[in-house]
Amino acid sequence: MEEVKKVRTVCRSCHGGCGVIAHVKDGVVIKVEGDPDSPISHGTMCTKGLSITQLAYHPDRVLHPMKKSDGVWERISWNEALDTCVEKFTQVIEKYGPEGIVIGQGTGRDYESHFSRFGNLLGTPNIITAGHMCYLSRIGASLITCGSLPACDYENNPKCIVMWGCNPLWTNPDEYKGAKFWDALDAGAKLICIDPRRSFYAEKADFWLQIRPGTDAAMALGFHRVIIEEELYDKEFIEHHLNGWEPFVERVMNDYPLDRVAEITWVDQELIREAARLYATTKPAGIHWGVTTEQNLNATDYTRSVIGLMAVTGNLDAPGGNALRVRPPVRNISEFSAHTELSPEQRKKRLGGEQYKLAARMTICTPKPVWDAILTGKPYPVKAGLLVGTNPVTTRANAREVYKALSSLDFLAVADFFLTPTAELAHIFLPSGTWLEQNHVADNWKFHGYVLARVKAVEIGECWQDHKIFMELGKRMGQQWWDTVEDALEYTLEPSGLTWEEFKKVGYLHGEQRGYKYREKGFRTPTGKVELYSTILEKWGRDPIPKYTEITESPFSTPELAKKYPYVLNSGLRTATFFHSANRQIPWLREIRPDPLMELHPDTAEKHGIQEGDWVWIESPRGRIKQRAKLNEGIDPRVIAAEHAWWYPEIRSPDHGWDVSNINILTDNSPESTDPVMGSTSLRVLLCNISRCEDE
Ligand SMILES: Nc1nc2c(c(=O)[nH]1)N[C@H]1C(S)=C(S)[C@@H](COP(=O)(O)OP(=O)(O)OC[C@H]3O[C@@H](n4cnc5c(=O)[nH]c(N)nc54)[C@H](O)[C@@H]3O)O[C@H]1N2
Ligand SMILES: Nc1nc2c(c(=O)[nH]1)N[C@H]1C(S)=C(S)[C@@H](COP(=O)(O)OP(=O)(O)OC[C@H]3O[C@@H](n4cnc5c(=O)[nH]c(N)nc54)[C@H](O)[C@@H]3O)O[C@H]1N2
Ligand code: SF4
Ligand SMILES: [Mo]
């Protein structure tokens, strides 16, 4: 019997980052605990991270490659699996060109560098991620507006925090882990919460603005209105560092009087005024934004308006405001991904690229044009796919279309831990390693200024970490890669002067953080200023100044439809236990949350004869599904908040009940409902109706 060995590593059961000590005995991880020395999490961990042992050693986990023969999965070797992929991809390339292959991943999983490199060296511009509606759209809009992604600077004691459509208590997303928020609040920071649902933060807040979902861009412009009217702006900053102040002021004064903003957002105008005043007069003040504002057609304009707020109040790149962080000296994803290898000719072929120019600039497609190409062969055929770490039939808008498109491919390979409803549509299954099974320079995609050493604790079955899957498949396709995963890490680390072995010992690197960098170098935009008037959008023939566009399907823009579907469906409320479609098979987590929940106001429930715990049909113009009712007085009676990405691993048929409670059957991906430059889909702002499920 071996002694217990402790491996210091980094979790990635969500977007990752928490420091972990994995206890390994006889080659098995027997438990994990928080690493008190982690600069990110200081010893804390959440339910999902702590459950990794139940996931990694789950009896349903697939531990070897498989192929489907006559509808039945059959174990095969890695050689056969990879050779089959090479053969099928080569056939498609010869007949249709590399653009006939779509490669896809889901949310940020720390293999973007390898994923993108694989796609670029393959020569396909058709890369889909979740980025069009999550994070990349915020980054894209930030890059064209101020040259980097601002993050609330908890490290430097903000005196006022605006929690804007984010719930980090449950989600710990992107740059943020909850612990630092607490320190700031304990130190007396004021709190403004902008959220349609009375969240934990709303209860703690000095001001809670219970906003109509999807109207955040109007709210931001309302804040600007107050700041302009009351002259609460930083004149010095505006004079030297802002592009387009006059035309912006003109728009705000003409189009966004506070009573109009109140009408759009459903929030009392005096409350908006007081909150805006508190934000603009408390220094420093940081805005902490979430994903929800990206999931409608105002995604780009919202982000740009809010960067405008940070800028005109002098909080952008100010300590304790919204930091523009300095990266540690390691190669970034873009350098690693060999993006220059994709020829201009191939880039031009990116599906939807002409329309969604911001998505194309971020080197991705929005998925809808890809589904269209698969289903219609237009503008050219897409015949094969490789999906890694994503379950689009539960997570992408208009799920029935996604299901149909993926089912129509001549060849699909999926890499995952489990046979999900998406993986069941594949011809080849590639078994991926969890974060316990990988070596990596982690968190390199984030804007928090750190990179972290994720160190392999164990190997399980024949699973490979995804990085190795991309490398080995790439090499067989004739691509240039390194011999081993660790050799590639040496390349990433090279500018830091550290080897992988040395980096493992150090544990993390932190870029040297400084405020007010723009005073020396300006902002990294074409004018060197914060572009409230965007010269890039102007070049693309788009409105260069932010505005609010009414949601395509809403009580205001489609009043006739609203008679049949009177509620605003806000879909995608996170839970502390699940990560999108993941974890439904994990006993500790499913026990806490056995069923999908939709939240509604008690008055709304009463109107429909619905009681707590009843199963409820939720119906939109695109279909109907069922979830269980949870009454919540903290929700507007006109809004329904429902969970997303539900499927039932315990249903053993190949579709695993993917369409029973899957809210994305109801969501819309029509071009009219998406952001015009990013293609962000409407997930939080549809119309729906509800009724009690009589057959349950
Ligand atoms: N209606 C609605 N839909 C939404 C949202 C919403 O708010 N509302 N949110 C959207 C957002 S923000 C996002 S980011 C997307 C997420 O969309 P996805 O990324 O597609 O969703 P997940 O369920 O996280 O990922 C799917 C699979 O990845 C596997 N997986 C996890 N880690 C790894 C790994 O390291 N390697 C491999 N190979 N597989 C792994 C899991 O087992 C799971 O089966 O969903 C979106 N969908
Ligand atoms: N446990 C868990 N953690 C996760 C995930 C998960 O699935 N589970 N997913 C990860 C991913 S990929 C992402 S993108 C992040 C997202 O993390 P967050 O950005 O925190 O997103 P949500 O939790 O969906 O919503 C945050 C808050 O926004 C409110 N909200 C909903 N609609 C609107 C709106 O239109 N405007 C405003 N102002 N507020 C609104 C909701 O009521 C909620 O309180 O979480 C990540 N972390
Ligand atoms: S918050 Fe995320 S990184 Fe931290 S323990 Fe939970 S799942 Fe892991
Ligand atoms: Mo996301």
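Residues numbered from 1 in each chain as written. Chains lettered and ligands numbered in written order. Predicted model: local features only at pLDDT ≥ 70, side-chain atom pairs only at ≥ 80, totals over all residues. Heavy atoms only, no water.

Engineer: I'd love a proper account of the site of ligand 2, names of residues and values included.
Structural biologist: In the region of ligand 2, 30 residues are neighbours, and D195, D216, T575, F578 and H580 sit closest. Between a nitrogen atom of ligand 2 and a main-chain N or O atom of F578, the distance comes to 2.6 Å. In this structure, an oxygen atom belonging to ligand 2 sits 2.8 Å away from a side-chain N or O atom of R684. Protein chains shield 99% of the accessible area of ligand 2, which is 920 Å² for the free molecule. Residue classes in the shell around ligand 2 are distributed as 12 nonpolar, 12 polar and 6 charged. (Near = heavy atom within 4 Å. Polar contact = N/O pair within 3.5 Å; in protein donor to acceptor, adjacent residues only side chain to side chain. Areas by Shrake-Rupley, 256 points an atom, 1.4 Å probe, with all protein chains shown as cover. Nonpolar A, V, L, I, M, F, W, Y, C, P; charged D, E, K, R; others polar.)

Engineer: Could you give an account of the pairing of strand β5 (residues 72–75), naming the residues involved and the relevant values?
Structural biologist: Of the pairings in the sheet, the one linking strand β4 (residues 66–69) to β5 comprises 4 bridges and is antiparallel in character. Bridge pairing in β5 places S69 opposite V72. (Pairing = 2+ DSSP bridges. Helix = DSSP H or I, 4+ residues; strand = E, 2+ residues; numbered from the N terminus.)

Engineer: Explain unusual backbone geometry residue by residue, including any values.
Structural biologist: Of note, the amide linkage connecting K283 to P284 takes the cis form, showing an omega dihedral of -10°. Inspection of the secondary structure assignment puts P284 in the loop between α13 (269–281) and β13 (285–289). For the bond running from K378 to P379, omega is 0°, close enough to zero to count as cis. For H656, which is not glycine, the phi dihedral falls at a positive 50°. Along the chain, the position of H656 falls in the loop between β26 (639–642) and β27 (686–692).

Engineer: Could you give me a rundown of the site of ligand 3, with the residues and numbers involved?
Structural biologist: Around ligand 3 sit C11, S13, C14, G16, G17, C18, M45, C46, G49, N172 and K177, and that is every residue in its neighbourhood. When the residues that make up the shell around ligand 3 are grouped by side-chain class, the tally is 5 nonpolar, 5 polar and 1 charged.

Engineer: Explain the layout of surface pockets to me, and be specific about the residues and the numbers.
Structural biologist: What the largest pocket holds in volume is close to 1400 Å³. For the largest pocket, the lining is made up of 47 residues, of which I139, L143, N332, M362 and F447 are closest to its centre. Elements supplying a minimum of two residues to the lining of the largest pocket: α4 (112–122), α5 (136–146), α15 (333–336) and α24 (518–521). Shared between two domains, the lining of the largest pocket takes at least three residues from each, and those domains are domain 1 (66–135 + 335–434 + 462–495) and domain 2 (147–326 + 519–539). There is about 310 Å³ of room inside the second largest pocket. Looking at the second largest pocket, the residues that line it are N120, H339, L342, R347, K348, R350, G353, E354, K357, A360, R361 and T363. Of the residues in the lining of the second largest pocket, the class split is 2 nonpolar, 4 polar and 6 charged. (1 Å grid on protein atoms, 1.4 Å probe; cavity = no way out; pocket = protein on both sides within 12 Å on 5 of 7 lines; lining within 4 Å. Points joined across faces, edges and corners; volume = space filled by probe spheres on them. Domains from an automatic or database assignment.)

Engineer: Let's hear about the domain arrangement of the chain: which residues, and what values?
Structural biologist: In terms of domain boundaries, the chain breaks down into domain 1 (66–135 + 335–434 + 462–495), domain 2 (147–326 + 519–539) and domain 3 (559–692). Its C-alpha centre places domain 1 at a distance of 28 Å from the equivalent point of domain 3. Across the contact, 31 residues belong to domain 1 and 28 residues belong to domain 3. Between domain 1 and domain 3, a total of about 2400 Å² is buried, with carbon and sulfur atoms accounting for 60% of that surface. When the buried surface of domain 1 facing domain 3 is broken down by residue, Y356, T394 and R400 rank first, second and third, together holding 22% of it. Counting across the interface, domain 1 meets domain 3 through 1 salt bridge. One salt bridge in this structure joins R400 and D659, with 3.8 Å as the shortest N-O distance. Here domain 1 is connected to domain 3 by 18 residue pairs in polar contact (both at pLDDT 80 or more). Counting residues per element, the ones that place at least two in the side of domain 1 that touches domain 3 are α17 (357–361), α18 (367–376), α19 (392–395) and α20 (399–407). (Contact = heavy atoms within 4.5 Å. Buried area = accessible area lost by both parts, 1.4 Å probe. Salt bridge = Lys/Arg side-chain N within 4 Å of Asp/Glu carboxyl O.)

Engineer: Any details on the nonpolar core? Residues and values, ideally.
Structural biologist: Residues W164, F223, W245 and L386 are the most contacted members of the largest nonpolar core, which totals 140 residues. The greatest single-element share of this core, amounting to 9 residues, is contributed by helix α9 (residues 216–229). If sequence neighbours within four positions are ignored, W245 has contacts with I228, Y233, I238, V312 and L532. Counting 46 residues, the second largest nonpolar core, distinct from the first, contains L351, V414, A423 and I625. (Core = buried A, V, L, I, M, F, W, Y, C linked by side-chain atoms within 4.5 Å. Buried < 20%, exposed > 50% of the residue type's maximum accessible area, 1.4 Å probe, protein only.)

Engineer: Can you tell me about empty space enclosed by the protein, naming the residues and giving the values?
Structural biologist: Empty space among the atoms becomes apparent when a probe as large as a water molecule is rolled across them. Going through the model one piece at a time under the given rule, you end up with 10 cavities of 30 Å³ or more. Within this model, the second largest cavity holds a volume of roughly 140 Å³. If you trace the second largest cavity, you find it lined by I40, C152, Y154, E155, E175, Y176, K177, K180, R325, H448 and Y450. Looking at the lining of the second largest cavity residue by residue, the classes come out as 5 nonpolar, 1 polar and 5 charged.

Engineer: Outline the pattern of salt bridges, listing residues and values.
Structural biologist: For the coordinates displayed, the defined rule picks out 46 salt bridges. For D35, the salt bridge identified is with R8, shortest N-O distance 2.7 Å. On the criterion of sequence distance, the pair formed by D35 in the loop between β3 (28–34) and α1 (47–50) and R8 in strand β1 (residues 5–10) is long-range, its members being 27 residues apart. Note on R8: relative accessible area 45%, which makes it partly exposed. Salt bridges here are not isolated pairs; linked through shared partners, they connect R225, E229, E230, R273 and R277.

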